[in-house]
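One letter stands for each residue in the lines below.
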Amino acid sequence: MSNYHAIKRETCRICGGSDLVRYLSLGEQPPSNAFIAASETAAEQRFPLDVYHCATCGLSQLLDVVAAEDIFDDYVYLSSTSRALCNHYQGMIDSIIALLQPPPDSLVIDVGCNDGITLNCYPKSTYRTLGVEPSSAGQYARERGFEIVERFFNEQCGRDIAASHGPAKIVTATNVFAHVDDIAGFAAGVRNVLDDDGVFVIEFPYLVDMIEELYFDTIYHEHLSYLSLAPLEHLFADVGLRAFRVERAEVGASGPALRLFVCRAEAGYETHQSISDMQAAEEAWGVGQIDAYERFAERVRETGDALVELMRGLKTNGAKIAAYGAPAKGNTLLNFIQADTSLIDVVAENNDLKIGKVTPGTHIPIVSDDEFLAGGYTHALLLAWNYLDFFLDKSPFIKDGGKFIVPVPTPVIRP
Ligand SMILES: [Zn+2]
């Protein structure tokens, strides 16, 4: 079991401003991927899961930072186990190559490369691929034959790679940027390693979607920033970079994301209409104002109350309730509603690394799908609600007459 170290920031991680307003508190929670043995619960650590808005640049962020070294030590998720993700990244790399047409032998880098899922999408032997991955997942990428730099990416790391490998034509970072505390250092590192006409492509869940769709369970300690275009433009301008194109990216069941194309400020890429359109949309939405965030927080509290009320009512009527899937975000939700085994007996999960452990903070036993199916459950809280359609179609639990409780945006029972 890890011993977590945390710090409390006093300033915004993009602009350094100190005018920070806390708009949502999800309580004290353990890191959401910190699945533990039942015998370890007494020593479990919790940290505030509070979201702040920076009045200067508009960034939504956590200020309680659990050291990434500690969190990534426990990292158990291998991206390539998801076929939908593999297909998504293949589409992304194909479109970047079509757009940029980098010459053969160009250096292409994936930061936070996990098990090599994105690097594996490049045509074989055409480019020089390099992965940056501080977590143990990097060993799987190495086993697939990719060269891996086992470091956290920052200003120095970007400089070092440029010195050892030369400048990069393409740098990708998918679902990484929001996890980085020193985001300014990361951006400076990109500036250091990017070729004059190189492109940095990031994908990240979009703040406005999270708020409008009430995806509050995507808030957890690993996820330090809730990104929108306005603060990112501030960030990139500070280090001599420029966002020149933005697209919507549907990451399969992982939900909607933004794909942002960034170049050196002086590079020849014309700033695309999509950037000014999104600037205008964010301005109209009020990304820099506190109001939308406070309304969001109110809706989050209402949804939590409604969910508990729904489940208590079901139990009064004889329901037997489990939870289905144990993704990181499930733990945000379970901790926020302070679920325990009086509400949810077990969590069903197919990841062997989690089965036999208990959920962080709420200490609900995690069992295999088979054990869950044999348990006679009438209802299952669908924590992996982003896979609702898939599970409605394929789950033996549903075929046997079971019902899902879908928690967000408004708790409902399906089918
Ligand atoms: Zn700021």
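Asker: Outline the sheet that holds strand β2 (residues 20-29), supporting the account with residue identities and numerical values.
Answerer: What links the strands of a sheet is backbone hydrogen bonding, and the strands pair in either a parallel or an antiparallel sense. Pairing within the open sheet is antiparallel, and its four strands lie in the order β2-β3-β4-β11. In this open sheet, the two strands that pair with only one neighbour each are β2 and β11 (225-226). Where β2 lies against strand β3 (residues 47-54), seven bridges are found, and the strand directions are antiparallel. The partner of Gln29 across the bridge, within β3, is Phe47. Of the strands in this sheet, β2, β3 and β4 (60-62) touch helix α9 (residues 291-316), which is tilted by about 20 degrees from β2.

Asker: Which residues make up the pattern of salt bridges, and what values do they have?
Answerer: The final tally for this structure, using the stated rule, is 19 salt bridges. Taking the shortest distance from any N to any O, the salt bridge between Arg142 and Glu150 comes out at 3.8 Å. With a relative accessible area of 40%, Arg142 lands in the partly exposed category. Judged by its relative accessible area of 53%, Glu150 falls in the exposed class. For Asp197, the salt bridge is made with Lys169, and the minimal N-O distance between the two is 2.7 Å. You can see Asp197 sitting in strand β10 (residues 194-205) and its partner Lys169 sitting in strand β9 (residues 168-174), a full 28 residues away along the chain. The class for Asp197 is partly exposed, based on a relative accessible area of 38%. Relative accessible area serves as the criterion here: at 17%, Lys169 is assigned to the buried category. Three or more residues are tied together by salt bridges with common partners; here these are Glu203, Arg245, Glu247 and Arg259.

Asker: Can you explain the domain arrangement of the protein chain? Please cite residues and give values.
Answerer: According to the domain assignment, the protein chain contains domain 1 (79-289) and domain 2 (318-414). The centre of domain 1, based on its C-alpha atoms, is set 32 Å off from the matching centre of domain 2. Contact residues are listed per partner, giving 10 residues for domain 1 and 10 residues for domain 2. With both chains or domains summed, domain 1 and domain 2 bury close to 970 Å², and 66% of this area falls on carbon and sulfur atoms. Run the count over domain 1 and domain 2 and you get zero salt bridges. Inspection of the domain 1/domain 2 interface yields two residue pairs in polar contact (both at pLDDT 80 or more).

Asker: I'd like a rundown of the packing of helix α4 (residues 155-165) against helix α5 (residues 183-193), residues and numbers included.
Answerer: At a minimum axis separation of 6 Å, α4 and α5 run at an interaxial angle of 15 degrees. When the axes of α4 and α5 are compared, the pair comes out roughly parallel. The handedness of the crossing between α4 and α5 comes out as right-handed. Contacts between α4 and α5 involve Glu155, Gly158, Arg159, Ile161 and Ala162 on the former and, on the latter, Gly185, Ala188, Gly189, Asn192 and Val193.

Asker: Explain the coordination of the zinc ion to me, using residue names and the numbers behind them.
Answerer: Binding of the zinc ion to the protein goes through Cys12 (SG), Cys15 (SG), Cys54 (SG) and Cys57 (SG), at separations of 2.3 Å. For the zinc ion, the four donor atoms are set out with angles of 100 to 116 degrees between them, so the coordination reads as tetrahedral. Of note, the donors binding the zinc ion are all from one chain and are spaced C-x2-C-x38-C-x2-C.

Asker: Can you break down the sheet that holds strand β13 (residues 256-264) residue by residue, with the values?
Answerer: Read from one edge to the other, the open sheet built from seven strands follows the order β8-β7-β6-β9-β10-β13-β12, with strand pairing classed as mixed. The sheet terminates laterally at β8 (147-149) and β12 (241-250), the two strands that pair on one side only. Here the strands of the sheet are splayed against their neighbours by 20 degrees on average, with no regard to which way each runs. Across the sheet, α5 is in contact with β6 (107-111), β9, β10, β12 and β13; its angle to β10 comes to roughly 145 degrees.

Thresholds applied
Residues numbered from 1 in each chain as written. Predicted model: local features only at pLDDT ≥ 70, side-chain atom pairs only at ≥ 80, totals over all residues. Heavy atoms only, no water. Pairing = 2+ DSSP bridges. Helix = DSSP H or I, 4+ residues; strand = E, 2+ residues; numbered from the N terminus. Contact = heavy atoms within 4.5 Å. Axes fitted to C-alpha atoms, helices over the stretch in contact; angles between N-to-C directions. Salt bridge = Lys/Arg side-chain N within 4 Å of Asp/Glu carboxyl O. Buried < 20%, exposed > 50% of the residue type's maximum accessible area, 1.4 Å probe, protein only. Domains from an automatic or database assignment. Buried area = accessible area lost by both parts, 1.4 Å probe. Polar contact = N/O pair within 3.5 Å; in protein donor to acceptor, adjacent residues only side chain to side chain. Parallel < 35°, antiparallel > 145°, perpendicular 65-115°, else oblique. Left-handed = near helix turned anticlockwise from the far one by under 90°. Donors = N, O, S within 2.8 Å, 3.2 Å for Na, K, Ca; no water. Tetrahedral: all angles 85-135°; square planar, octahedral: opposite > 155°, others 65-115°.

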